[in-house]
Amino acid sequence: MHPLLRFGIGFGICAIIVIVITVPAVLSARKKKNQIPFTNNTTENSSIIFSTTIATTTADTTTETVTNPRSPFAETTTDDAITTMESETQTLVYESQLTENSDKYCRQLPCYNHLNRYETLQLNVSINATYTIMINADISICVDIYRDSFNTIFKLQNLVVDHLTMCFKKTKTFNATFNSMTKYILVVSTSFQSDWDKFSIRITGPKWISFFSTRITNNLSYNHAYIVSQIDRNSSSLCFTSCTSYMGYYTAFQLTVSATEEYYIGLKSELTSGVYVYQEKFRPFFPTENQMSNQGTAGLYVLKALTRYILVAYAPNVISSNQISINITGAESISLVPITITDTLSFSTPPQVQYASVLTEENPKWCRQDNCTEPSYYYELIQINVSTSDYYAILSNSSFNVLGYIYENTFDPKQPQNNLLYKDSNADIANEFLIRRIFNISTKYLLVVTTAQPNMVTLFSISVISDHPATLISGKDQ
């Protein structure tokens with residue numbers, strides 16, 4: 001045989017041997033590379049199911065499914081893991097159940113002795129991305145997501161998703177952005193204290209995802225501030241609507257907290273009363289200024305540390321002494337101290353009249369509402385000029401019910417809804433209107449004074465009450 005031919009045959013045999021040995025080793029290495037590094041730290045009532053989808057440039061994909069054999073709910077996952085054309089995606093399904101023996105905490109004050117059962121789960125990801133979370137439950141549950149740590153008392157600290165919107169029943173799907181090198185805590189709790197049952201959480205996103213149960217409990221307790229006071233006719237006066245017929249009385253307290261958190265403010269009273277919280281400043285003449293809530297009822301408030309709050313307990317139409325008790329519950333220390341409010345403006349002194357006129361049959365008429373067939377309400381147009389942007393009170397006095405409308409820049413009697421900023425609605429209660437709002441120095445305001453009844457004529461006067469001067473100019477002079 002020719003030497004060159006012998007050499008070629010030998011070289012070919014060696015090449016075949018190398019290929020036979022090398023290819024299986026490479027395939028084995030790739031298979032190991034695609035396995036999921038997963039921390040299995042489940043409880044005996046929970047299971048983790050996860051699948052991996054390897055995206056390729058063709059339509060072919062490879063899916064692996066692994067089931068926790070110790071789970072009482074063990075099953076295989078479906079093959080509907082999300083795929084992309086750029087990277088591998090992973091789907092984890094966690095199944096567990098809240099039982100009578102689950103840990104408990106107060107998810108939303110006040111809880112008293114009725115607490116919510118909960119379980120905490122730790123989530124870690126290796127890629128900064130948006131992940132899809134789908135939650136299923138037969139009961140009403142709540143899911144809160146925290147960054148780095150979770151504390152059963154300081155529930156707003158490290159909170160990622162607004163927990164007031166994360167309670168639901170049956171199924172909820174949402175997207176959340178998670179960062180690598182960050183620990184996330186998912187808190188699954190019952191929406192109602194008496195409920196407990198199974199739930200599942202499905203998370204889909206880029207590999208790798210680590211998701212396991214971890215128990216977090218705190219032995220901290222809530223703090224309370226409690227105070228008792230009286231409201232009677234010797235208390236300071238306050239009115240929210242008509243200050244002629246519905247004058248009320250109030251007592252005020254300075255409230256400070258040492259931690260930014262949710263606090264529950266409760267009020268008990270012998271008579272009908274309300275409680276209002278103001279930030280930094282309270283002016284009785286402008287009771288909506290700096291007001292945190294206009295409901296006047298007990299409830300939850302998010303209070304900030306190192307911030308001064310004014311808590312006002314209010315009672316309308318006080319005849320005899322009214323005892324009130326205020327209880328505030330929350331994290332860290334709470335300070336509640338009675339204070340006296342000093343205001344240069346008061347309803348006890350009659351305001352100085354700045355504008356006086358009369359609605360007669362010579363005044364123009366308008367409809368007060370769109371699409372009327374014939375105008376039947378006399379009106380007068382008055383321009384309001386303010387010297388400083390701040391709160392101003394526009395007060396009327398008349399022998400008959402009159403209404404006040406505030407317009408911005410222009411007024412068209414044929415289109416009464418255009419440019420309308422504010423409409424007073426108190427004239428049906430008393431023969432006056434009272435408009436209290438912020439007026440800006442750079443804005444032109446037009447006040448329309450009209451009657452509550454059609455084809456009525458009446459005398460009226462207008463006063464402006466504020467810490468700053470203001471002028472009223474008749475529309476007839478413009």
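Everything here concerns the structure above.
Here is what the cut-offs are and how they apply
Residues numbered from 1 in each chain as written. Predicted model: local features only at pLDDT ≥ 70, side-chain atom pairs only at ≥ 80, totals over all residues. Heavy atoms only, no water. Helix = DSSP H or I, 4+ residues; strand = E, 2+ residues; numbered from the N terminus. Buried < 20%, exposed > 50% of the residue type's maximum accessible area, 1.4 Å probe, protein only. Contact = heavy atoms within 4.5 Å. Pairing = 2+ DSSP bridges. Axes fitted to C-alpha atoms, helices over the stretch in contact; angles between N-to-C directions. Core = buried A, V, L, I, M, F, W, Y, C linked by side-chain atoms within 4.5 Å. Phe/Tyr/Trp six-rings, centres within 6.5 Å; stacked < 30°, edge-to-face > 60°. Lys NZ or Arg CZ within 6 Å of the ring centre and 35° of its normal. Polar contact = N/O pair within 3.5 Å; in protein donor to acceptor, adjacent residues only side chain to side chain. Disulfide = S-S within 2.5 Å.

Of the regular secondary structure elements, the protein chain holds one helix and 29 strands. The 478 residues of the protein chain split such that 46% are buried. Restricting the contact set of the protein chain to residue pairs at least 6 apart, pairs at least 24 apart contribute 79%.

Let us look at the pairing of strand β15 (residues 274-279). The element β15 is largely enclosed, with a buried count of five among its six residues. Pairing between β15 and strand β17 (residues 309-316): six bridges, direction antiparallel. Counterpart to Y276 in the pairing with β17 is V312.

As a further point, take the sheet that holds strand β16 (residues 299-303). The four strands are arranged β11-β18-β14-β16 in an open sheet whose pairing can be described as antiparallel. Both edges of this open sheet fall to β11 (223-231) and β16, since each of them pairs with a single strand only. When strand polarity is set aside, the average angle formed by the axes of neighbouring strands in this sheet is 25°. Note that strand β14 (residues 261-269) and β16 share five bridges and pair antiparallel. Each bridged residue has a counterpart across the sheet, and for E261 the counterpart in β16 is L303.

Okay, the nonpolar core next. Generally speaking, soluble globular proteins have nonpolar side chains that are buried together. Grouped together as the largest cluster of nonpolar side chains are 32 residues, with contacts concentrated most on L255, I265, L311, I326, I328 and L336. Every element with two or more residues in this core is listed here: β11, β13 (248-257), β14, β15, β16, β17, β18 (322-330) and β19 (334-339). Among all residues touching I328, those that are not within four sequence positions of it are N223, H224, A225, L255, Y263, Y264, I265, L311, I334 and L336. With 29 residues, the next largest nonpolar core counts L121, Y131, L186 and I203 among its residues.

We now examine the packing of aromatic side chains. In the structure shown here, the tally under the stated rule is 21 aromatic pairs. Clustering of aromatic rings is evident, with ring pairs tying together W366, Y379, Y405, Y407 and F411. The ring of F439 carries the charged tip of R437 above its face, separated from the ring centre by 5.8 Å.

The four strands lie next to each other as β20-β28-β23-β26, forming an open sheet whose pairing is antiparallel. A single partner strand is all that each edge strand has here, and the edge strands are β20 (355-359) and β26 (434-439). Taking the axes of each pair of neighbouring strands and ignoring which way they run, one obtains an average angle of 25° across the sheet.

Looking at the secondary structure, you find T451 in strand β27 (residues 445-451). Its relative accessible area of 1% is what places T451 among the buried residues. Among the polar contacts made by the side chain of T451, one reaches the main-chain carbonyl oxygen of Q453 at a distance of 2.7 Å. Setting aside residues no more than four positions away along its own chain, T451 makes contact with L359, R368, Y377, Y378, N401, V402, L403, M456 and T458.

A covalent bond between the sulfur atoms of two cysteines is referred to as a disulfide. Under the defined criterion, the tally for this structure stands at one disulfide. Between C142 and C167 runs a disulfide, and the two sulfur atoms are separated by 2.0 Å. Its S-S torsion of about 105° marks the bond between C142 and C167 as right-handed, since a negative value means left-handed. Taken together, the positions of C142 in strand β6 (residues 129-147) and C167 in strand β7 (residues 167-178) put the pair 25 residues apart, joining distant regions of the chain.

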